[in-house]
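Tertiary structure, described
Here are the chains, one letter per residue:
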Amino acid sequence: MRWLTGWSTGTSRAGTPAREALAAVAPIAARPLWGGPNPLWAVGDWRPEEIRLVTLRPGAPATVTTGPTAPDQVEDTPATSRLAVLGHCGATDAELAAGLAAARGGAVRHLTAWPGSHTVVLRTGTRSTLLLTDLAGAQPVFHTPWAGGTAYATAALPLADLVGARLDTGHLAARLACPESPEALGTGTPYLGVERVPPGHVLAVRDGRPYLDAYDETAGADQARGEAPAIRELTRALLESVRSRVRTTVPAQGPDGRARLGVDLSYGTASATVALLAAAVPLPPTAPAATTAAVPGARTGGGRGGARNGAVKGSWARAAAREPSAPEQLAAVTLGETAAPAVLALAPDTPRLRHTVLDPAPGTLPYAGPGADPQAGRLTDEPGPELVAAARAEARFDAGGTDHLTGYGARQVLDGHPARLADLLRAGRPRELLPPVAALAGADRAAVGVLAGALRTPLTVVRAAHRLSRVRYAEALDEAAARLTARHVPDGAGTAGHRSAVDLAWCVPGPAARWLSDEALSSVALRLRLAARRPAPEDRPGAHRARHALYRQARSFRTLVHAAEQPGQRLHAPFLDNQVVRAARLLPDDVRLQPGARHALLRAVLTGAGRTDLPPDWGRGPRPDRTAPAREGLRLAADGLAELFDAPLLAEAGLIDLPAVRARLAHGADPDTPLSPADLAGLAELVSTELWLRRLRARRHGACWTGLPQPRQHALTP
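Everything quoted here is computed from the prediction, not taken from an experiment.

1. A short note on the overall build of the chain
What the chain contains, in helices and strands, is 25 helices and 20 strands. Sorting the 718 residues of the chain into buried and exposed places 52% on the buried side. Excluding contacts between residues fewer than 6 apart, the proportion of contacts in the chain whose partners are at least 24 apart in sequence is 76%. Carbon and sulfur atoms make up 55% of the accessible area of the chain, which totals about 32,200 Å².

2. Thoughts on the sheet that holds strand E17 (residues 353-358)
Read across the sheet, five strands follow the order E17-E16-E15-E18-E19 without closing on themselves; strand pairing throughout is parallel. Only two strands of the sheet have a single partner each, and these edge strands are E17 and strand E19 (570-572). Between one strand axis and the next, the sheet turns through 25° on average, direction left out of account. The pairing of strand E15 (residues 261-264) with strand E18 (residues 403-405) spans three bridges and is parallel. Residue pairing for E18: Leu261 is matched across the bridge by Asp403.

3. A few points about the pairing of strand E5 (residues 51-56)
Within E5, six of the six residues are buried, which leaves the element mostly enclosed by the surrounding structure. Pairing analysis gives six bridges linking E5 to strand E7 (residues 81-89), with the strands arranged antiparallel. In the sheet register, Leu56 faces E7, and the bridge partner there is Ser81. As paired elements, E5 and strand E6 (residues 63-66) share four bridges and run antiparallel to each other. Considered in E6, the bridge of Leu53 is made with Thr65. Here E5 folds back onto E6 in antiparallel fashion, the turn holding six residues, of which Gly59 has a positive phi close to 75°.

4. Examining a nonpolar patch on the surface
The grouping of Leu451, Leu455 and Leu459 at the surface amounts to a nonpolar patch, some 310 Å² of accessible area in total. Along the chain, Leu451 falls in helix H13 (residues 450-470).

5. Section: the pattern of salt bridges
What the rule picks out here adds up to 41 salt bridges. With its nearest N and O atoms 2.7 Å apart, the salt bridge here joins Asp93 to Arg52. Remark: Arg52 occurs in strand E5 and Asp93 occurs in helix H2 (residues 93-103); sequence separation between them is 41 residues. Judged by relative accessible area, which is 38%, Asp93 ranks as partly exposed. Each member of the salt-bridge network shares a partner with another, and the members are Arg2, Asp45, Glu50, Glu565 and Arg570.

6. Description of the sheet that holds strand E10 (residues 142-146)
Taken in spatial order, the six strands of this open sheet run E3-E4-E1-E11-E10-E12, and their pairing is antiparallel. Strands with a single pairing partner mark the edges of an open sheet, and in this sheet they are strand E3 (30-34) and strand E12 (195-196). Looking at chain direction, strand E1 (residues 3-8) and strand E11 (residues 149-153) are connected through four bridges and run antiparallel. Note that in E11 the partner of Gly6 across the bridge is Tyr152.

7. Observations regarding the side chain of Thr457
One can find Thr457 in helix H13. Ignoring sequence-local partners within four residues, the contact set of Thr457 consists of Leu440, Ala441, Asp444, Ala452 and Gly497.

8. Describing the packing of helix H7 (residues 227-246) against helix H20 (residues 597-608)
One can describe the packing of H7 onto H20 by two numbers: an axis separation of 9 Å at closest approach and a directional angle of 70°. In terms of axis orientation, H7 runs roughly perpendicular to H20. Crossing hand, H7 versus H20: right-handed. Where H7 abuts H20, its residues Ile231, Leu234, Thr235 and Leu238 lie against Leu601, Ala604, Val605 and Gly608. Residue classes in the contact of H7 with H20 are distributed as six nonpolar, two polar and no charged.

9. As for the confidence of the model for the chain
With 88% of its residues at a pLDDT of at least 70, the chain reaches an overall mean of 86. Counting contacts from residues 288-324, a segment whose pLDDT is below 50, to residues more than four positions away or on other chains yields 15 contacts. The model gives residues 713-718 a pLDDT under 50, and that stretch makes zero contacts with residues more than four places away or in other chains.

10. Some details on the nonpolar core
Membership of the largest hydrophobic core comes to 94 residues, with the highest contact counts inside it found for Tyr367, Phe645 and Ile656. Broken down by element, this core gets its largest block of residues, nine residues, from helix H25 (residues 677-698). Apart from residues no more than four positions distant in its own chain, Phe645 is found in contact with Leu650, Ile656, Leu658, Val661, Arg662, Leu665, Leu686, Val687 and Glu690. If you look at the next biggest cluster of nonpolar residues, it comprises 76 residues, including Val54, Trp114, Ala275 and Leu571.

About the cut-offs
- Residues numbered from 1 in each chain as written.
- Predicted model: local features only at pLDDT ≥ 70, side-chain atom pairs only at ≥ 80, totals over all residues.
- Heavy atoms only, no water.
- Helix = DSSP H or I, 4+ residues; strand = E, 2+ residues; numbered from the N terminus.
- Buried < 20%, exposed > 50% of the residue type's maximum accessible area, 1.4 Å probe, protein only.
- Contact = heavy atoms within 4.5 Å.
- Areas by Shrake-Rupley, 256 points an atom, 1.4 Å probe, with all protein chains shown as cover.
- Pairing = 2+ DSSP bridges.
- Axes fitted to C-alpha atoms, helices over the stretch in contact; angles between N-to-C directions.
- Patch = residues over 30% accessible without salt bridge, like charges linked within 9 Å, V, L, I, M, F, W, Y side chains within 5 Å.
- Salt bridge = Lys/Arg side-chain N within 4 Å of Asp/Glu carboxyl O.
- Parallel < 35°, antiparallel > 145°, perpendicular 65-115°, else oblique.
- Left-handed = near helix turned anticlockwise from the far one by under 90°.
- Nonpolar A, V, L, I, M, F, W, Y, C, P; charged D, E, K, R; others polar.
- pLDDT = per-residue confidence, 0-100.
- Core = buried A, V, L, I, M, F, W, Y, C linked by side-chain atoms within 4.5 Å.

Structure, rendered in structure tokens:
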């Protein structure tokens with residue numbers, strides 16, 4: 001896990017006991033980026049090109065350095081400005097220097113417009129530090145009060161380790177009950193006292209006090225353009241995002257045979273689009289080895305031996321001519337499926353792609369390993385359902401490249417959330433509901449018959465859209481709280497139209513809510529009632545729901561990186577970059593809500609990039625059953641999961657209804673009664689949270705820091 005951390009304290013004088021104790025505290029195995037009373041460190045396996053520092057002093061040009069360097073010994077003045085960019089950033093040195101100069105005037109939004117995914121830290125003077133989060137939430141920032149000031153980091157666990165924070169069971173209950181509801185989650189984390197900076201916000205720490213402000217107004221950012229200009233902007237942003245990563249790949253440091261660049265080649269169009277865009281960009285040349293061909297009779301080294309060849313002294317010795325090598329291939333990885341036949345969205349013989357299909361072995365199924373040793377896996381910063389599928393992801397990424405591109409986030413960035421139907425009604429465009437509602441009716445007609453599909457589905461969906469467009473925010477939250485208290489939680493069953501109608505609400509419970517205890521549901525309901533007394537969001541309900549669905553996906557990708565990324569490897573999600581998210585916001589709602597909108601948009605992106613050879617039915621082939629591996633893994637791991645929930649920590653904390661969870665796990669072990677997708681998603685949330693709690697409890701306190709005072713030893717009671 002890679003993270004950066006620092007703090008900003010109050011105005012205590014140098015030499016005081018508080019300042020002396022503070023100077024002894026530092027992260028273990030950290031690289032100092034700058035010192036002074038407001039230090040900053042980079043911790044973990046950062047690559048040299050991922051650490052870029054800019055310093056601007058009065059009367060001198062900006063100095064840009066790349067890689068870890070010794071801290072500047074020159075003492076900063078109130079007129080000194082520093083900028084640190086950590087992660088993948090496609091900006092040039094000149095752009096970084098110009099960005100720091102412009103930021104001295106107070107503007108910071110331009111610091112988030114560079115290609116890539118990175119964290120920006122700006123320090124002006126000696127007492128003001130600003131940290132900027134990304135728009136999707138894949139690069140979060142956390143903060144907590146400490147030593148009379150504020151400590152911040154890009155990971156919550158080290159801050160909890162620093163201040164000795166306890167577990168926040170109320171936040172865990174909110175994550176399980178309403179994982180996409182900001183009214184329930186708030187800005188908290190699983191650790192008491194450690195707060196998260198919302199995406200699209202800047203954390204300003206001045207004289208040790210934190211201040212939050214939005215640098216990207218969501219209400220104004222959602223103003224859509226026409227379809228053609230929006231697609232052009234999306235094409236430009238996605239092309240720049242992929243190209244900036246391909247052109248900065250590094251040689252493989254891992255096992256022999258690993259490619260420099262790898263791509264996911266799944267059965268979706270998002271990963272296929274990223275693979276095609278990456279294959280069109282030549283990889284940068286590697287550092288040339290000293291393999292100059294020797295000229296017969298020429299001198300070698302600096303000695304005087306050897307026969308003379310008659311060449312004039314000082315002439316060039318030319319290397320032997322070599323044929324140009326073929327373009328370097330990209331490792332395209334597909335995880336094989338055991339279910340019904342599926343069709344890849346990209347032909348395996350695409351030029352420059354070295355296709356690898358992994359066998360679906362039992363060790364790569366979800367839930368492989370948790371029952372044998374729950375504490376054997378990695379401890380991630382936060383819990384997430386990716387923990388139960390970590391072995392499956394590790395197998396895929398191990399066969400990939402040193403830099404591995406994925407299509408994570410495309411659905412949330414490009415698709416139209418069902419709640420956006422209410423936005424169309426608010427905007428006075430009811431006719432534009434016809435195509436998406438007709439598509440839902442057609443799917444339901446094929447699944448359950450003509451009566452339900454042709455009549456019931458349109459009425460149910462349109463009625464729910466009208467209700468969401470008219471209901472007041474406070475009333476919607478109060479109603480959601482009452483439903484949680486009464487345990488009226490949707491079970492995820494029904495047709496596609498029914499599930500879309502359920503999604504047409506300000507707050508929708510998650511799949512694990514039905515197995516929480518009454519106390520946990522009551523605590524989440526209380527959070528919703530308190531949020532109902534606060535002002536309503538400025539954006540529309542559909543845009544609000546879609547934005548927080550994106551935040552949840554970005555959190556999941558971050559957990560996946562912590563759980564499955566190989567040593568020395570980098571996982572990339574270009575769709576979660578700031579410039580791609582901004583470009584996608586320009587898409588009109590009616591374009592997003594069209595049937596097959598994501599495939600059509602990605603096809604338009606590839607056409608704009610020069611790929612016009614796609615088949616007419618691209619993206620419409622049969623897909624594998626995504627729930628089949630989870631069902632099989634659940635059956636194979638039935639004994640281990642039963643042992644895991646023999647005395648679970650979730651029940652000890654009073655979060656779950658243990659008999660109901662055990663009954664559902666036993667139900668999932670029966671091959672004759674397969675679980676629904678909602679049941680599988682809910683069980684994944686519960687199992688992953690239990691695994692995370694056990695790994696957190698087995699961890700030694702203070703493992704991230706040196707110089708911390710010894711914890712107080714409490715006397716034993718007689």
